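# Architecture and fold: a report
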Amino acid sequence: MRIGIPIEPDVRQPLVAATPDTVAKLIKLGYDVDVQSGAGDHAAYPDDLYASAGARIVGEDVWRADIITTLDAPPRECRNLMKPGAMLVSRMAPGRNPELVDELAASHFTSLAMDAVPRLSRAQSMDVLSSMANIAGYRAVVEAANSFGRLFTGQVTAAGKVPPATVYVIGAGVGGLAAIGTANSMGAIVKATDLRPEAGEQVESMGAEFIPIPVASEKSSDGYAKEMTDDQATAAAKLYAEQSAAADIVITTANIPGRKSPLLLTADDVRAMRPGSVIVDMAAANGGNCELTVPGEVTVTDNGVTIIGHTDLAGRLPGQASQLYGQNIVNLFKLITPDKDGTPILDLDDEIIRGITVTLNGASASKGGDGNVEAETTGAATDTRILWPPPPVQVSATPAAAAQEKLAAAATAEAPEKVAFMGGAKAKVGLALAIILGIAVILASPATVSVNYMVLTLAIVLGFYVISAVTPRLHTPLMSETNAISGIVLVGAILVVGSGNLVVSSLAFLAIMLSSINIFGGFTITDRMLGMFRKEEA
């Protein structure tokens, strides 16, 4: 089948739905790819790069391809150029555009909404909202720095000290975390707030201070924060006002999928901010989080606060944004083209595919849903079903209450046995034997090595407290670090293994054996861990 990559109909959109890199990956999946001449010009991807990747450069005939991928749903005049039974893959905001859904069904298109990818772990590689939010968060800080007119990082100069800027981020989603990381890397003092208490650990891992809302929200079943109650809204509004008044730069990121952006900063909050302060409203495209935001414009209030309402933050980095969006498309096609034969198969029993399928033409290659397998042909206008909205997807990884109670009961049942063993007769006998053996080794060793035993004892005590203070999830990486220490032990043991003292020679041989096992085993495990993070070959 043939995939078409047209020039984005919106002249303000500099992104392109595929880059030369992602075109090559689509071709490896068995597809033919048409790219409209000039589609990648604004993102610095000329036609010759697409041709080198294996694409065919065409004109408006691109709209006659079997599959069309764009950034946003094309307007009606472009959709009229598509053939019935074609597949459209783009951002559609189907929850806010019911008329678009009806028109897609009337045109007998199969349509997949890339902005409706469910919040599942295995769907992260296809989540265009996260990809674009990541870039937008970075760009938000760049825009803020450009308008701020002062240094982000503190400095001590001959002329005096320069204090660092204070950045306050509201919302610790993907965009918020990207903004936090960027501002922190530029030397600013960063603080952040999120409705979800569990976001605090993520914020602190990025080097920022987490300021919780006194009455916090819980994560909803779809992976997003729930809408606030009245008590939560009151507490949050007070916190936002206090922190924004003390900050130099405020970045707001709150969005509710399918709805208007919530109001976080009122006009009074803005008036309380210092002259020269900057607000970057990353939710400006959906109405904005600040009462005074003008979408698409940069405004300055009477008290000298700059409010940036750009709606195209990701589009201001078109090269990288196009690459990430194109890779999201590739990852989707990897899922729906299991045989890599250029034929997409929509398995409606898959939560990801079902979640993004807005309309389904009866002639599309599909299976599942109603338990039947449709004809695997394309190009015919047959019955088209509207599948929006999809059934809810439960993304919480928290075990059910019954399962939790079962685990707790099992742990309680095992605990007495473990405690009794550790404090029972066997433990006391073992400890006594270990003490006797240790005394015997010391008495049999030369007097010159007595100091070494003291060092060994102190090392054991210190090592115990250091290791016990490390979170269990870091024990394996920590073991890899101890390979260097084992190397020192190995070298020392080799030096004394030829000693005339039988005890010293035996202990040295034992040290050589154990250190070797630790070194080679540790590096083997480390290699396996690193293999989990290696990029898969296309």
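Model, not experiment: these values are computed from the prediction.

### Some remarks on the packing of aromatic side chains
A complete count under the given rule lists two aromatic pairs for this structure. Ring geometry for Y31 and F333: centres 5.2 Å apart, planes at 75 degrees, overall edge-to-face. Here F333 lies in helix α10 (residues 318-336) and Y31 lies in the loop between α1 (20-28) and β2 (32-36), a separation of 302 residues in the sequence. For the pair Y31 and F333, a shared accessibility class is recorded, and that class is buried. Aromatic side chains F148 and F152 sit 6.2 Å apart centroid to centroid with 85 degrees between the ring planes, which places their arrangement in the edge-to-face category.

### With respect to the sheet that holds strand β14 (residues 298-300)
Sheets are built from strands paired through backbone hydrogen bonds, the pairs being either parallel or antiparallel. Here seven strands make up an open sheet; going across it, the order is β11-β10-β9-β12-β13-β15-β14 and the pairing mixed. The strands lining the two open edges of the sheet, one partner per strand, are β11 (209-210) and β14. Here four bridges tie strand β9 (residues 166-170) to strand β12 (residues 249-252), and the two strands are oriented parallel to one another. What sits directly across from V169, in β12, is I251. Where helix α5 (residues 128-148) meets the sheet, its contacts fall on β12, β13 (278-281) and β15 (306-308), and the angle it forms with β13 comes to roughly 155 degrees.

### Regarding the environment of L26
Within the secondary structure, L26 sits in helix α1. Between the alpha carbons of L26 and F333 there is a distance of 7.6 Å; along the sequence they are 307 residues apart. With near-sequence residues (within four places) excluded, L26 lies in contact with I3, Y31, V33, V330 and F333.

### Some thoughts on the packing of α5 against α10
The interhelical angle for the contact between α5 and α10, taken along N-to-C directions, is 165 degrees, at an axis separation of 9 Å. What the angle tells us is that α5 and α10 run roughly antiparallel. Here the hand of the crossing between α5 and α10 comes out right-handed. Between α5 and α10, the contacting residues are V128, S131, M132 and I135 on the first element and Q320, A321, L324, Y325 and N328 on the second. Residues belonging to the contact of α5 with α10 are distributed by class as follows: six nonpolar, three polar and no charged.

### What about the confidence of the model for the protein chain?
Of all residues in the protein chain, 81% have pLDDT values of 70 or greater, and the mean over the chain is 84. Across residues 370-381, confidence stays below pLDDT 50; counting only partners more than four residues off in sequence or on other chains, it has 28 contacts. In the model, residues 411-423 has pLDDT below 50 throughout and makes four contacts with residues more than four positions away in sequence or in other chains.

### Structural notes on the pattern of salt bridges
Tallied over the full model, the rule gives 17 salt bridges. Here D21 and K25 are joined by a salt bridge, their closest N and O atoms 3.2 Å apart. Taken together, the residues span about one helical turn, with D21 and K25 both in helix α1 at a distance of four residues. Take K25: its relative accessible area is 13%, and that puts it in the buried class. Linking R119 and D127 is a salt bridge whose minimum nitrogen-to-oxygen distance equals 3.6 Å. Among the ionic contacts, a cluster of salt bridges with common partners joins R2, D32, D34 and R56.

### A word on the sheet that holds strand β3 (residues 56-58)
In space, the eight strands of this open sheet follow the order β3-β2-β1-β4-β5-β6-β17-β20, with mixed pairing throughout. In this open sheet, the two strands that pair with only one neighbour each are β3 and β20 (384-386). Strand after strand, the sheet turns through a mean of 20 degrees between neighbouring axes, direction not considered. When strand β1 (residues 2-5) meets strand β4 (residues 67-72), the two strands line up parallel, connected through two bridges. Looking at the pairing, I3 lines up with I67 of β4. Its contacts with the sheet put α10 on β1, β4, β5 (87-91) and β6 (110-113), and the angle it makes with β5 is roughly 135 degrees.

### So, a nonpolar patch on the surface
On the surface, a cluster of nonpolar side chains totalling about 390 Å² of accessible area is made up of L507, L510, L514 and I517. If you trace the backbone, L510 turns up in helix α16 (residues 502-531).

### Observations concerning the side chain of D281
Mapped onto the fold, D281 is located in strand β13. Within the buried set, D281 has no salt-bridge partner at all; the shortest N-O distance to an opposite charge, 8.7 Å, is to K260. At a separation of 3.2 Å, a polar atom in the side chain of D281 contacts the side chain of T252. Here the side chain of D281 touches N289 through a polar contact of 2.7 Å, landing on its backbone nitrogen. With residues up to four places along the chain from it excluded, the contact list for D281 reads T252, G288, N289, C290, T293, I308 and H310.

About the thresholds
Residues numbered from 1 in each chain as written. Predicted model: local features only at pLDDT ≥ 70, side-chain atom pairs only at ≥ 80, totals over all residues. Heavy atoms only, no water. Phe/Tyr/Trp six-rings, centres within 6.5 Å; stacked < 30°, edge-to-face > 60°. Helix = DSSP H or I, 4+ residues; strand = E, 2+ residues; numbered from the N terminus. Buried < 20%, exposed > 50% of the residue type's maximum accessible area, 1.4 Å probe, protein only. Pairing = 2+ DSSP bridges. Contact = heavy atoms within 4.5 Å. Axes fitted to C-alpha atoms, helices over the stretch in contact; angles between N-to-C directions. Parallel < 35°, antiparallel > 145°, perpendicular 65-115°, else oblique. Left-handed = near helix turned anticlockwise from the far one by under 90°. Nonpolar A, V, L, I, M, F, W, Y, C, P; charged D, E, K, R; others polar. pLDDT = per-residue confidence, 0-100. Salt bridge = Lys/Arg side-chain N within 4 Å of Asp/Glu carboxyl O. Patch = residues over 30% accessible without salt bridge, like charges linked within 9 Å, V, L, I, M, F, W, Y side chains within 5 Å. Areas by Shrake-Rupley, 256 points an atom, 1.4 Å probe, with all protein chains shown as cover. Lys, Arg positive; Asp, Glu negative; His and termini not counted. Polar contact = N/O pair within 3.5 Å; in protein donor to acceptor, adjacent residues only side chain to side chain.

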